[in-house]
Amino acid sequence: MLRHFHIGSIRRKLMAAILLTSAAAVLVMATVMIAYERVQLRREVKDTLITEAELIARSVANSLAAGDVATARERLSALWVQRETVQACLHTPDGKLFVEYDPADAFSAVMPATGEVEFGPRYALLRWPVLRHNQLVGYVSLREDMQPRLRQLRLHFLIALAAIAGALVVAAALSLQLQRIISTPLRTLTRAARAVVKENDYGIRVVKRSRDETGELTDAFNQMLDEIARREAALAASEQRYRLLADTVPDLVCVYDLPARRNRYINRAVQRILGVTPEQFQNETLGHFVHPDDKPRLEAHHAALSAARDGEVLETICRFHDAEGRCHWLQLRDTIFTRDADGRVQQIIGAASDITALRDLQREVLEISERERARIGRDIHDSLCQQLVGVTLMLRLLRDKLQSRNPSEAVDAAEMERLLREAVHHAREISHNLHPAQFLDEGLCVALQNLADQTSQRCSVQCVAACQDGIKEVDRATALHLYRIVQEAVANAVKHAQSRRIDVRLSADAGVLRLTVQDDGCGFADTAGNGDGLGLRIMRYRARQIGGKLSVRSAEGSGTVVTCQWPVSGL
C-alpha cells in the first residue's frame, strides 16, 4: 500500500498518515490488552480449578475409599452453592464413574490428562488425583463453563473497538487542523510558482506564515525569486548591450537553427545589405535567399559544421539575393553555438561579410590582367611571331644564295634559321600561355591536355592530364581560373620541386568537382600548405572566385598535391 502513497495531495497524505498511525497505535494497544486479559483469564481459571480440585479431593478421599456415594454426592453438591458454572464427578482408580454432580447433564467430554487444564471453545476441563495416605483412591474431574467469562472478554473487545473509533474521529478532526497548517503554505507556494511560470512575473512573493520547515521553504522560495529576478535583469541588460553591439556591426550576425533550418536571430545589417527586415529574414528559410547554384555549397558547409569541434570556425562563400533580386557575395564564418543532450549540433552562430564590391574589384583586376595577357599574347602572336617568320624566310633566301657562293656561310645561315624557327615556336607557346583562348574554346579538358603536352615537350618532365568521363562542362570564366591554377601548380612543380612526373586530374563526386595536380618532387615541410607566396595567394584567390576551396598537402621527399574543389549543381 505504501508504494502508492506518493499519489495524491499532501493534505490527503497527512490525513491518511494521522488516521493510519492513530488507528494502528490504538489497535496495537487494544490487541495487547485483549491478549493480556485472555492470558490472565486462563491463568485465573486454571488456578481456581486446581484449588477447588485439591479441596474436593481432600473432602471426598475417605468417602471414595469407603465407597460412600451419598457422602461423596453431598460434598460435590456443595459446589453449586459456591459456583453455579462448575460441574464435577468422581471416578474410581480404574476409571469407573463413582458419583457426579452435573445439573445440566452435559458432562460427557473426554477428560484431559491428570493434573492438566484443557481449554475448549466453551469449557475448561481438569482431572485431579484423589489420594488417601499417599495412595490413589480415585479421580475428581471438574468442568467450568467459560461463556460468562468470554462474554466479559468480548465486552472488553467492543470497548476497545469503540475506543479505536473514537480515536479515529479525534485524529480526523486533528488532521483537518494540521493539514491546513502544513498544506496551506505549500499550496500557496504552488500557486505562486505556477503564476511565475505562466506570467513570467518574478515580482511575486509569498507571505511567511510559520517559523517551521514550511516557513524556511517560503523564505528560500522568495530568495530564489529575488535571485532569478536579479539574474533576469542582468541577462536582459546584457542581451540589450549585445543586441546594440550587434546592430552596430556592419557585417551580418546571426544565430541559425540547424534542425529547423531557420534563423533565430539576425542583426539590423540584413536590412542594409539585403533590403529586408530581420523579422522578414527570420520568417523565411535560409534557402529562400541563397542562389540556387550555391545551395549545395551551403549544405556542405552545414554538414561540415555538424561534424566540427566546439570553437572551430568554418568559412565559405555563397551568393544571396536581396529584396530587388540583385546578387550579393557573402563570406560566412560560422562556429557551433549550442548542442542538445546527445551532443548533436542545434544552433550555430556566425558572421557574414558582404564582399560583393571586393569581388567586383578583384574580378576587374583579374579581367584587366587577363586582357593585358591577351593583348600581349596577341601582340606576340600577330606582330613578333610574324616578324620572326619574315626574318626566317629572309634567312632561308640568304641561305639559298650562299649555298652556291660560300657553302660554309650557308651552313651558318641554316643554323640561324633553325634557331629562329625555335624562337618562333617558343613565342607562339608564350602567346598561347598568355591567352589560351583557342584551347578554352574547345573546353577545359582540351586546354588541360594541351598544357600537359606543352609541359612535357618544353621541360624534361612527364606531364599527364586526365578528365573523368561525363563531367559537365564549366563556364569559360571558371575554366580560365582553373586553367591558371593548374598552370601555376605545374610551373611550381617544374621550377622548384625537381619533379619527374606531374599528374593533372579532373573528377566529380556527389555534386563536387575536384581538380588535382600531383607531382613526385622533393616537396616541402609545410604540410598544411599555409605558404604565403604570391603564386599560392593568387591560386587561393582564384579558387574563392569560383566559390571553391584550395588545399595544398606536401612533405619533404614525398611530393606535393594541390587540390581545388567546388560544388556544381547538376552533377
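In what follows, the structure referred to is the one given above.
About the cut-offs
Residues numbered from 1 in each chain as written. Predicted model: local features only at pLDDT ≥ 70, side-chain atom pairs only at ≥ 80, totals over all residues. Heavy atoms only, no water. Pairing = 2+ DSSP bridges. Helix = DSSP H or I, 4+ residues; strand = E, 2+ residues; numbered from the N terminus. Axes fitted to C-alpha atoms, helices over the stretch in contact; angles between N-to-C directions. Core = buried A, V, L, I, M, F, W, Y, C linked by side-chain atoms within 4.5 Å. Buried < 20%, exposed > 50% of the residue type's maximum accessible area, 1.4 Å probe, protein only. Contact = heavy atoms within 4.5 Å. Parallel < 35°, antiparallel > 145°, perpendicular 65-115°, else oblique. Left-handed = near helix turned anticlockwise from the far one by under 90°. Nonpolar A, V, L, I, M, F, W, Y, C, P; charged D, E, K, R; others polar. Salt bridge = Lys/Arg side-chain N within 4 Å of Asp/Glu carboxyl O. Expected span 1.5 Å × (residues − 1).

Trainee: What's the story with the sheet that holds strand β9 (residues 327-339) in this structure? I'm lost.
Mentor: In a beta sheet, neighbouring strands pair by backbone hydrogen bonds and run either parallel or antiparallel. Across the sheet, five strands lie side by side as β7-β6-β10-β9-β8; this open sheet has antiparallel pairing. Only two strands of the sheet have a single neighbouring strand rather than two, namely β7 (262-266) and β8 (314-321). Each neighbouring strand pair of the sheet contributes to a mean axis angle of 35 degrees, computed without reference to strand direction. Sheet topology note: the strand β6 (residues 252-257)/β7 ladder contains four bridges and is antiparallel. The residue bridging Val-255 from the neighbouring strand is Tyr-265, located in β7.

Trainee: I would appreciate a short explanation of the nonpolar core in the present structure.
Mentor: A general feature of soluble globular proteins is that nonpolar side chains tend to end up buried together. Val-504 and Trp-566 are the most contacted members of the largest nonpolar core, which totals 34 residues. Counting only elements with at least two residues in this core, the list comes to α11 (444-458), β11 (462-467), α12 (476-495), β12 (501-509), β13 (512-519), α13 (534-545), β14 (549-554) and β15 (560-567). For this core, the element with the highest residue contribution is α12, accounting for eight residues. Apart from residues no more than four positions distant in its own chain, Val-504 is found in contact with Leu-448, Cys-463, Val-464, Ala-465, Ala-466, Val-486, Val-490, Leu-515, Thr-516 and Val-517.

Trainee: What am I meant to see in the packing of α11 against α12 here?
Mentor: For any two helices packed against each other, one specifies the inter-axial angle together with the distance between the axes. Relative to each other, α11 and α12 sit at 20 degrees, their axes nearing to 10 Å. The angle between the axes of α11 and α12 places the two elements in the roughly parallel class. Relative to α12, α11 is oriented so that their crossing is right-handed. Each of Leu-444, Ala-447, Leu-448, Leu-451 and Thr-455 in α11 lies in contact with α12, whose residues at this interface are Ala-479, Leu-482, Tyr-483, Val-486, Gln-487, Val-490 and Val-494. Across the contact of α11 with α12, the residue classes tally to 10 nonpolar, two polar and no charged.

Trainee: What exactly am I supposed to notice about the environment of Val-345 here?
Mentor: By secondary structure assignment, the location of Val-345 is in strand β10 (residues 345-354). Judged by its relative accessible area of 9%, Val-345 is buried. Taking the C-alpha atoms as reference points, Val-345 and Asp-257, separated by 88 residues in sequence, lie 8.9 Å from one another. When neighbours within four sequence positions are excluded, Val-345 is seen to be in contact with Leu-258, Pro-259, Leu-305, Ser-306, Ile-336, Thr-338 and Arg-339.

Trainee: In this structure, what is going on with the pattern of salt bridges? I would like to understand it.
Mentor: Side chains that carry opposite charge are capable of pairing whenever their charged atoms lie near each other. Inspection of the entire model under this criterion finds 16 salt bridges. One salt bridge in this structure joins Arg-297 and Asp-294, with 2.8 Å as the shortest N-O distance. On the accessibility criterion, Asp-294 (1% relative accessible area) is buried. With its nearest N and O atoms 3.2 Å apart, the salt bridge here joins Arg-344 to Asp-340.

Trainee: Hey, could you run me through helix α7 (residues 295-306) in this one?
Mentor: A turn of α-helix holds 3.6 residues, and therefore any two residues three or four places apart point the same way. Here α7 contains 12 residues, and its C-alpha end-to-end distance of 17 Å stays within 8% of the 16 Å for a straight helix at 1.5 Å per residue. Of the surrounding secondary structure, the elements contacted by the buried residues of α7 are β6, β8, β9, β10 and β15.

Trainee: Even after reading the chapter, I still don't get the sheet that holds β11, so can you show me in this structure?
Mentor: Taken in spatial order, the five strands line up as β11-β12-β13-β15-β14 in an open sheet, and their pairing is mixed. The sheet is open, and its two borders are formed by β11 and β14, each paired with just one other strand. Here the strands of the sheet are splayed against their neighbours by 15 degrees on average, with no regard to which way each runs. By the bridge criterion, eight bridges tie β12 to β13 in an arrangement that is antiparallel. Paired with Ile-502 across the strands is Asp-519, a residue of β13. Strand contacts of α11: β11, β12 and β13, with the helix running at about 170 degrees to β11, the strand carrying the most contacts.

Trainee: Just checking my understanding: could you explain the environment of Ala-163 for this structure?
Mentor: Position of Ala-163 among the secondary structure elements: in helix α3 (residues 147-199). Counting along the chain gives 140 residues from Ala-163 to Ala-23, while the straight-line C-alpha distance between them is 9.7 Å.

Trainee: When you look at the pairing of β10 in this model, what are you seeing that I'm missing?
Mentor: Within a regular strand, side chains alternate between the sheet's two faces. Of the pairings in the sheet, the one linking β6 to β10 comprises six bridges and is antiparallel in character. The partner of Val-253 across the bridge, within β10, is Ala-351. Sheet topology places β9 next to β10; nine bridges connect them, and they run antiparallel. Among the inter-strand pairings, Gln-331 is bridged to a residue of β10, identified as Ser-353.

Trainee: Please clarify how unusual backbone geometry should be interpreted in this entry.
Mentor: A negative phi angle characterises most non-glycine residues, just as the trans form characterises most peptide bonds. Backbone geometry places His-133, a non-glycine residue, at a positive phi of 55 degrees. With respect to the helices and strands, His-133 occurs in the loop between β4 (123-132) and β5 (135-145). On the basis of relative accessible area, His-133 is assigned to the exposed category, the value being 66%. In this structure, Asn-134 takes a positive phi of about 60 degrees despite not being glycine. With respect to the secondary-structure elements, Asn-134 resides in the loop between β4 and β5. The exposure class of Asn-134 is exposed, given its relative accessible area of 75%.

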